[in-house]
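# Residue-level structure breakdown
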Amino acid sequence: MNRKLTFAIFRYNPQEPGSRPWMQEFRLEETENLNLFVALNLVREKQDPSLQFDFCCRAGICGACAMVINGRPGLACRTKTAELPDKIVLMPLPGFRLGGDLSVDTGAWFRAMNARIRSWIHNDEEFDPDAPEVVMDNQVAEQIYELDRCIECGCCIGACATAQMRSDFLGAAAMNRIARFMLDPRDKRENREYFEVVGTEQGIFGCMGLLGCQDVCPKNLPLQDQLSHVRRKMGWQALKKILPWSGG
Amino acid sequence: MRIIYTDLLCIGAGLAGERVAIEAARAGFETICLSLVPPRRSHSSAAQGGMQAALGNCIKGQGDCPDMHFQDTVKGSDWGCDQEVARIFVENAPLAIRQMDYWGVPWNRVVPGKACYFKGGEKLEKEEPRDRSGLITARDFGGTAKWRACYCSDGTGHAMLYTMDSVALQYGVQVHDRTEALSLIHDQERCHGAVVRCLKTGELRAYISRATLIASGGFGRIYRASTNAVINEGGGQIIALDTGGVPLGNMEAVQFHPTGIVPTDILVTEGCRGDGGTLLDVNLERFMPWYEPDKAELASRDVVSRRMQEHMAQGLGVKSPYGDHLWLDIRHLGREHITSKLREVDEICKNFLGIDPADSLIPVRPTQHYSMGGVRTDKDGAAYGLKGLFSAGEAACWDMHGFNRLGGNSLAETVVAGMLVGRRVAGFLQEEDMRVDTALVRGELKKQQERVDTLKSSTKGDPPFEVRNRMQDILMDYVGIFRNEKDLHLAGEKLQQVLQSAENPKLSSSKAGADPELSLALRLPGMVRLALCVAFGALERRESRGSHAREDYPARNDRDWLVRTLAFWPGGRALPRLEYEPATKVVEIPPGERGYGGCEVISAES
């Protein structure tokens, strides 16, 4: 006998005059291997075609479908209903502008973040089309890739107490991104330049160390390590600024 | 209504679109990318295993060169490609990959010394030389003479896309995400931009651009089961076809990837087989060497998919509630290899199948994966039939893939074509001005607004989601891996009925803003027209070539069919008009044996 699932879904369409936030319930019979990607599409196709949510790759690769699932930020596409109770409560990810229902504008947020931390390789030398690539130790390449795996889903921002209190907080995704560039020998920025972009209350010094980010990261990124790594480097940089003889 | 002016409008912000945009922006032109999703969620991010470039750094790639890459690509295409384009591509791929390295992609590198690797089920040893240490390494992929697929674990597309988007940000490329182009603004001769719907507010806007690029990826989602992201519905091809003057090339050339997982159709990379994984049947026996003694699991994708299908037809598939499948076995590669070089595969198996691929078999079957066909362009990426319109990447039919694309050649195409077409677009912007015709712009905006209004006020018809499902099922049932006249006829008839329903649906909600049902209703007739181009092109092509396998015409016919299909759809017609052009003007390698696949050939001289 299949379970009868109840989905309580946050509804609000800011574009529709008179729309108010409310919770709507939908019922669906559970089938084998049902996940939230299939379930939400079924609800939309069979019960309410106006329901807004975001899926793209539906394979846990693109990061489009983060939402709060029974109180916890996660990727909907790879959440199986079998892991959840009969009643499933779905809310949009907090900390981002709401598009409608479960759809939030993570794109604008992450683009602004990447612009603020100047998230690209800084190198004054021109690309030489005739030269072979600069050699790199494979271990270094793998360490960079490890941090490069962030899919900018926004779960870490949704789970971050500081980000909920101050909208200009850069969050763990940004610190991880900065740590990725610090690791990369192709990026010629010095610590003092990184300090300018993350050595602030909006950056690494705003982190309260609650580590909700690490708990919810669907890619299991070592966010705790990156936060402490960036904090150490930036702390030392801050000290250098105070102690003029230290060369900062 | 809002009108936005720009030099270059890129429709699509995946790897190809952003690469073109970067080239234009670096040349000082204002560039706007439209995208259905934030650029970093584009389907390029889902490319896993690698990018082909003949660097020849690793020991199993030693001696590799663009010539060998060229031969593999032409054979892979079953001589359907444009050889001049394939040549330009292979010569530029090494440069393009080094530029991606310069911009920050963390490519895996050559590690000197002895190491084990697997070929098929067999464990072998190789030794990487000291003098190549730290250069970009490669893995084995199907249909290649050398190890040539450069990679970042199995998140190669993700790493490349994030790097590309960083560079786009650096050079000031503007992104208008959550937007969808509904039509091109044109006067039959020149493209003036596009009418676009904002998917945040539902508002229509016009973008007026001196150059317009279509780089919106493939159209795999016209099939029910596809490895593609849900956004790959062919939006770019639709607006090109709708002009009536721009043809789509080789729409019948649809690739089925051997290893989509069952259920959910998510891709696991060819790198699994490249790294030594094997395919097993219901008796847990390896079967590919029986069919393909030389290449086995590493024949080209069209061949492996056909052999798998044939094998299942003999009753040797594994039964499941989701239909028959086969097994992919990577257990022997070991947990360390899987969790480092195949970690996406590891995650996908654990999250979507609930199995650990280090000790369980992976259920797989051939699944729609790639569109070789698309907006037909010349070697510079300029679309046929409309000045000022360009196309690159999977959206285009450039055409280096012919009737079958090799694994790893699509990522390579995005950055190579992006670089070259980008240069051409920058040159075009340098030279070409345009007289803005406000009546033309307002006319197109009005036309699209009327479409929206008509859809919202319609009182009878079928729900769009239902109509879409019907279309997808027809393609699954009658336009799959093996095709024949009877099925294709039936598909054509049924799709024409579906087209009528698609043009007159009834919406149940029509709420304000970006209503998802309205979004589908707006693109649905175009999707069905693409489906008809696929079915009709397949019906007319009375031969088998690459991924196009006709049961009733099993031979490759170089005498009559060494041509590219061009599908036009002038307004008011019930079916596309098909024309043909020679597959290639330049012939470096005359048609011959591929060395796998065992297909009979009717030679051009016969």
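The rules we used
Residues numbered from 1 in each chain as written. Chains lettered and ligands numbered in written order. Predicted model: local features only at pLDDT ≥ 70, side-chain atom pairs only at ≥ 80, totals over all residues. Heavy atoms only, no water. Helix = DSSP H or I, 4+ residues; strand = E, 2+ residues; numbered from the N terminus. Areas by Shrake-Rupley, 256 points an atom, 1.4 Å probe, with all protein chains shown as cover. Lys, Arg positive; Asp, Glu negative; His and termini not counted. Charge placed at Lys NZ, Arg CZ, Asp CG, Glu CD. pLDDT = per-residue confidence, 0-100. Buried < 20%, exposed > 50% of the residue type's maximum accessible area, 1.4 Å probe, protein only. Contact = heavy atoms within 4.5 Å. Buried area = accessible area lost by both parts, 1.4 Å probe. Salt bridge = Lys/Arg side-chain N within 4 Å of Asp/Glu carboxyl O. Polar contact = N/O pair within 3.5 Å; in protein donor to acceptor, adjacent residues only side chain to side chain. Phe/Tyr/Trp six-rings, centres within 6.5 Å; stacked < 30°, edge-to-face > 60°. Lys NZ or Arg CZ within 6 Å of the ring centre and 35° of its normal. Pairing = 2+ DSSP bridges. Axes fitted to C-alpha atoms, helices over the stretch in contact; angles between N-to-C directions.

## With respect to the overall build of chain B
When its secondary structure is counted, chain B shows 15 helices and 24 strands. Dimensions of chain B, computed from C-alpha atoms along their principal axes, come out at roughly 70 × 55 × 55 Å. Accessible surface, chain B: about 19200 Å² in total, of which carbon and sulfur atoms supply 47%. Here chain B contributes 73 positively and 80 negatively charged side chains, and the mean placements of these two sets differ by 3 Å.

## Focus on the confidence of the model for chain B
Per-residue confidence for chain B gives a mean pLDDT of 97; residues scoring 70 or more make up 100%. Prediction confidence for the complex, expressed as pTM and ipTM, is 0.97 and 0.97 respectively.

## Topic: helix α2 (residues 106-116) of chain A
Every buried residue of α2 of chain A is listed here: Thr 106, Gly 107, Trp 109, Phe 110, Arg 111, Met 113 and Asn 114 of chain A. Contacts from the buried residues of α2 of chain A go to β7 (103-104), α4 (155-158) and α6 (171-183) of chain A together with α4 (156-170) and β7 (174-177) of chain B.

## Topic: unusual backbone geometry
Peptide bonds are trans in most cases, and residues, glycine excluded, mostly fall at negative phi. All names here are of chain B. A cis amide bond, omega -10 degrees, links Val 262 with the succeeding residue Pro 263. One can find Pro 263 in the loop between β12 (254-261) and α6 (271-274). Of note in the backbone geometry, Thr 264 takes a positive phi value of approximately 90 degrees without being a glycine. Looking at where Thr 264 falls in the secondary structure, it is placed in the loop between β12 and α6.

## Digging into the interface of chain A and chain B
Taken together, the contacts link 69 residues of chain A with 78 residues of chain B. Both faces combined, the contact of chain A with chain B buries some 5900 Å², and carbon together with sulfur accounts for 50% of it. The largest contributions to the chain A side of the interface with chain B come from Arg 111, Glu 133 and Tyr 145 of chain A, which together make up 14% of the buried area. Run the count over chain A and chain B and you get 13 salt bridges. Put simply, Asp 54 of chain A and Arg 178 of chain B hold a salt bridge, and the shortest N to O gap is 2.8 Å. Along the contact surface separating chain A from chain B lie 45 residue pairs in polar contact (both at pLDDT 80 or more). Among the elements of the structure, α1 (36-46), β7, α2, α3 (138-148) and α6 of chain A are those that each provide at least two residues to the side of chain A that touches chain B. Ranked by residue count, the leading element in the side of chain A that touches chain B is α3 of chain A, at seven residues.

## Details of the packing of aromatic side chains
All names here are of chain A. Under the criterion given, the structure shown has 12 aromatic pairs over all chains. With a centroid separation of 5.5 Å and an interplanar angle of 70 degrees, the aromatic rings of Phe 96 and Trp 109 are classed as edge-to-face. Of this pair, Phe 96 sits in the loop between β5 (87-91) and β6 (98-100) while Trp 109 sits in helix α2, and the two are 13 residues apart along the sequence. The exposure classification of Phe 96 matches that of Trp 109, with both residues buried. Ring-pair connections join several aromatic residues into one group, and the members of that group are Phe 37, Phe 53 and Phe 55. For Arg 189, the ring lying beneath its charged end belongs to Phe 181, and the centroid distance is 5.6 Å.

## Quick notes on the environment of Pro 14 of chain A
Residue and element names in this part refer to chain A. Structurally, Pro 14 is set in the loop between β1 (4-11) and β2 (22-29). A relative accessible area of 35% means that Pro 14 is categorised as partly exposed. The spatial distance from the C-alpha of Pro 14 to the C-alpha of Cys 217 is 29 Å, given a sequence separation of 203 residues. Not counting residues within four places of it along the chain, the set of residues in contact with Pro 14 comprises Leu 98, Gly 99 and Gly 100.

## Quick word on the sheet that holds strand β13 (residues 278-280) of chain B
All names here are of chain B. The strand order β12-β15-β14-β13 describes an open sheet built from four strands, whose pairing is antiparallel. Edge positions in the sheet fall to β12 and β13, since each of these pairs with one other strand and no more. Strand-to-strand twist of the sheet, defined as the mean angle between neighbouring strand axes without regard to direction, takes the value 45 degrees. Direction of pairing for β13 relative to strand β14 (residues 326-329): antiparallel, over a ladder of three bridges. In the sheet register, Leu 280 faces β14, and the bridge partner there is Trp 327. Of the strands in this sheet, β12 and β15 (362-371) are in contact with helix α10 (residues 343-353), which crosses β15 at around 110 degrees.

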